[in-house]
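Below, each chain spelled out in residue letters.
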Amino acid sequence: MSSGIATLLSIPASTSAPGEASHSDLQALKDQANMSMPQIELPEEEPIEESALDRLSHYPYQVFVLSEYGRPIYVSCGQEDQLCAFFALIGVFVNRVRHNGDMLNSISSKDLHAHFLFRKPLILCIVSKRRDQLRSQLEVLFNQILSTISRKQLETIYEKRGDNYDLRRLLGGTNKYMDGSLSSWHYDLAQISSAIRVLPMEAADRNALSTTLVNSITSANVEGMLFAVVLAHRQIVCLSRLKKHLLDHKDLSLIINLVSNTSTIADAAIWTPICLPFFNDSGFLHAYISSLWENSPAHLVLLSVDRNTLKDLHLIKEDFCAKIQSSPKILNSFEAAVTSPQSFSPSNIGTGSEMLWHFLYRNISSRQICLSASRPPFIGQEERVLLTRSASRVYDILRSVDGIRQIFVRNKKEVLYVKAEDRYELQCVLSPFCSPTMASILGDRLLKALKTYEGRYFITHVPSF
Amino acid sequence: MAPPSRIKKKVVFLGESGVGKTSIVLRYDGKGFDTSIRATLGASYLVSTIPIAATNIELQIWDTAGQERFRSMVPIYLRKTDVAILVYDITDIRSFDQLNTWVHFLRNAETNDAMKLVLIGNKTDLEMKRTVDQRKAIGYAAKIGASYHETSAASNTGIEEAFFELATQIVASYPMGRRKRSEEINSVTLNETKENSSKCC
Ligand SMILES: Nc1nc2c(ncn2[C@@H]2O[C@H](COP(=O)(O)OP(=O)(O)OP(=O)(O)O)[C@@H](O)[C@H]2O)c(=O)[nH]1
Ligand SMILES: [Mg+2]
């Protein structure tokens, strides 16, 4: 099956009209894959389907979600109904191997890679020209689906509604969140490093803000209130939580995806159920989402177990906003942090800093990352994309090979230096003239500087209420 | 008794996904018409104030999502509703046929006693694609005890009028004391169709 994927993208048109992959088609395809049946008769080729398949080959990647019964649910390029036969084929591949008591993970050819994830009752598949982090992308997408339909709902829906149930009915309107989940792998280093980004801010200012938030929450005393998050530009400004409860970074990244792909009406608040699978994958929490002032990139998210608390949570927000507005010191520092975020500048590390072009530091236990401010040559969109790709590849290597402590790669245009310890991982992009010794010295100096400014770039304390 | 200087009312928009509830609310809120808006998540809540004579009417507007997965939340959104605005799309007969489901939700919800009902047929700018006969819609509105309006969020017609009429009615319902006759008629009509509605003395 190893050369499979190239043919996979150019399989002939389906045995069914678009929009109806009936059970018998599925069986026919299964049998084809099985090769144990005599040739079956194919109806006339469907021109639409062919052009749809043709269209697929132009994308750098494509993601498919289907039910284990082969029914299309989502494809990242849209119009899944035109690709029924292709979906069915994915289902056949996965189910075939499953029936043999095994699991199909991936198929690779020279320049195309397919990865499969079976999470009953769903099958997820990514076909990509790149091979890094394919599984993680599917896992995060699956979490995204769970945030809309809890695991419990997902597990029982086909029992209740039959194998042929069209899950898109329940997922209606969530394509943008799935698209958002997938596209973030191409620009967001937090997603790539399975971590969250913290908005840089002086520790004292951040504390003042989170204390204010906790005060508003405690004085409202809303039964069922669990977590509060302030975020801006997909970065966390501050957090607080009910005593004894923790918000997993994976759940947090679902919240970030939700907020950044929702267009809020300037002064309107959103009240919606959401499942945070790492908190509780069988039930829903209720999220109150509101921007903090008109056209502000900063949002407040309040999570409650009680679906009747919208009004109370709205009062918390009003109170929080009023308190911020009445304290010029808090307001100014907050606004400055949000409107012109001050990322870590490599010049903080002193001499030799001009050789350090970019870095990504990841704290392993807190799952927080710190990025350097962008500087030449990593200013343009294209250069940033290259950076993201390189980081993605590094993470793949770190995850797949145990015990790597340091990596030094000299390319024509730059040097890549990676240091991995139990507590952190550091990736640096340096000038091509940098020696391994120099890279290591600069890396150490950077670590020291990050320690000095820890409070500004990381959240070290999450106050509870 | 003159109307109070400040009245608060909870207004809930209901209807199938895609009929234009959010577009109407945005238009009303002075945000123009945006074709790129996306399906509402859960419900969106905003407060808007209309001055009518000496009274400021604060409308607490809930723009709910029509998507199927939010149906279990509808009773929550409807709690203590003073005004329910049912919206359908005049070019989409299915959105009209589904109105019964929404009326059913309303009857079973804990709405306020004197709740007003408004039916809106939206997208009149697409008149040539109309599939829902206007007379039929007016008849249906009368049956469920709703006032009827046609609007277009795209071309901004009828929206201001609908809200203004609503606000005027709200204010008018005060001088005579809390309950005005038109309100009673509305709520009675709504209750009449309820199966086994208990007769009150
Ligand atoms: N031509 C036309 N299109 C409209 C009008 N109102 C809304 N639309 C379009 O209809 C689509 C759906 O509008 P929304 O306002 O999002 O519909 P909704 O009822 O809020 O949908 P949900 O939030 O999913 O329940 C959008 O593409 C709008 O641009 C209108 O008056 N005329
Ligand atoms: Mg809407």
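Residues numbered from 1 in each chain as written. Chains lettered and ligands numbered in written order. Predicted model: local features only at pLDDT ≥ 70, side-chain atom pairs only at ≥ 80, totals over all residues. Heavy atoms only, no water.

As its UniProt record puts it under Sequence similarities (unreviewed entry), chain B is described as follows: "Belongs to the small GTPase superfamily. Rab family." (UniProt positions renumbered as here; feature names shortened; annotations may be inferred.)

Per an unreviewed UniProt entry, the recorded name for chain A is Vacuolar fusion protein MON1 homolog, and the organism is Mesorhabditis belari. Heading Function (unreviewed entry) of the UniProt record for chain A holds this comment: "Plays an important role in membrane trafficking through the secretory apparatus." The record in UniProt for chain A states the following under Sequence similarities (unreviewed entry): "Belongs to the MON1/SAND family."

Colleague: Requested: an account of the sheet that holds strand β5 (residues 122-128) of chain A, with residues and values cited.
Modeller: In any sheet, the strands associate via hydrogen bonds between backbone groups, in a parallel or an antiparallel arrangement. Residues and elements named next belong to chain A. With respect to topology, five strands assemble into an open sheet ordered β2-β1-β5-β4-β3, the strand pairing being antiparallel. On the outer flanks of this sheet lie β2 (72-75) and β3 (106-108), each paired with one strand and no other. When the angles between neighbouring strand axes are averaged without regard to direction, this sheet yields 15°. Where strand β1 (residues 61-67) and β2 come together, three bridges link them in antiparallel fashion. Bridging from a neighbouring strand, V65 pairs with Y74 of β2. (Pairing = 2+ DSSP bridges. Helix = DSSP H or I, 4+ residues; strand = E, 2+ residues; numbered from the N terminus. Axes fitted to C-alpha atoms, helices over the stretch in contact; angles between N-to-C directions.)

Colleague: Describe the nonpolar core, with residues and values.
Modeller: Among the nonpolar cores identified, the biggest contains 64 residues, and A:F334 and B:L86 are the most heavily contacted of them. The leading source of residues in this core is helix α12 (residues 310-325) of chain A, at six residues. The contacts of B:L86, once residues within four sequence positions are left out, are B:L14, B:L99, B:W102, B:V103, B:L106, B:L117, B:V118, B:L119, B:I120 and B:I144. (Core = buried A, V, L, I, M, F, W, Y, C linked by side-chain atoms within 4.5 Å. Buried < 20%, exposed > 50% of the residue type's maximum accessible area, 1.4 Å probe, protein only. Contact = heavy atoms within 4.5 Å.)

Colleague: Give a detailed account of the pairing of strand β11 (residues 298-304) of chain A, specifying residues and quantitative values.
Modeller: Residue and element names in this part refer to chain A. Of all seven residues making up β11, seven are buried, and the element is well covered by its neighbours. Residues A298, L300, L302 and S304 of β11 are buried on one face, and the alternating residues H299, V301 and L303, pointing to the opposite face, are buried as well. Two strands pair when backbone bridges link them, and strand β7 (residues 225-232) and β11 are joined in this way by seven bridges, in the antiparallel orientation. The partner of L231 across the bridge, within β11, is H299.

Colleague: How would you summarise the coordination of the magnesium ion (ligand 2) if you had to cite specific residues and measurements?
Modeller: Residues and elements named next belong to chain B. Those donors, T22 (OG1) and T40 (OG1), are the protein atoms that reach the magnesium ion (ligand 2), and they lie 1.9 to 2.0 Å from it. Linking T22 in helix α1 (residues 21-28) with T40 in the loop between α1 and β2 (43-52), this pair joins segments that are 18 residues apart in sequence. Given a relative accessible area of 12%, T22 falls into the buried group. (Donors = N, O, S within 2.8 Å, 3.2 Å for Na, K, Ca; no water.)

Colleague: A description of the interface of chain B and chain A should follow, citing residues and the corresponding values.
Modeller: Residue-level contacts link 23 residues of chain B with 30 residues of chain A. Taken together, both faces of the contact between chain B and chain A bury some 2300 Å²; the carbon and sulfur share is 56%. When residues of chain B are sorted by the area they lose upon contact with chain A, B:L41, B:Y45 and B:R69 head the list and together hold 30% of the total. With its nearest N and O atoms 2.8 Å apart, the salt bridge here joins B:E68 to A:R169. At the boundary of chain B and chain A, one finds nine residue pairs in polar contact (both at pLDDT 80 or more). Considering every element that reaches the side of chain B that touches chain A, the biggest residue donor is β2(B), with four residues. For strand β9 (residues 269-274) of chain A and β2(B), the ladder comprises three bridges, and the chain directions are antiparallel. Each bridged residue has a counterpart across the sheet, and for A:I270 the counterpart in β2(B) is B:S44. (Buried area = accessible area lost by both parts, 1.4 Å probe. Salt bridge = Lys/Arg side-chain N within 4 Å of Asp/Glu carboxyl O. Polar contact = N/O pair within 3.5 Å; in protein donor to acceptor, adjacent residues only side chain to side chain.)

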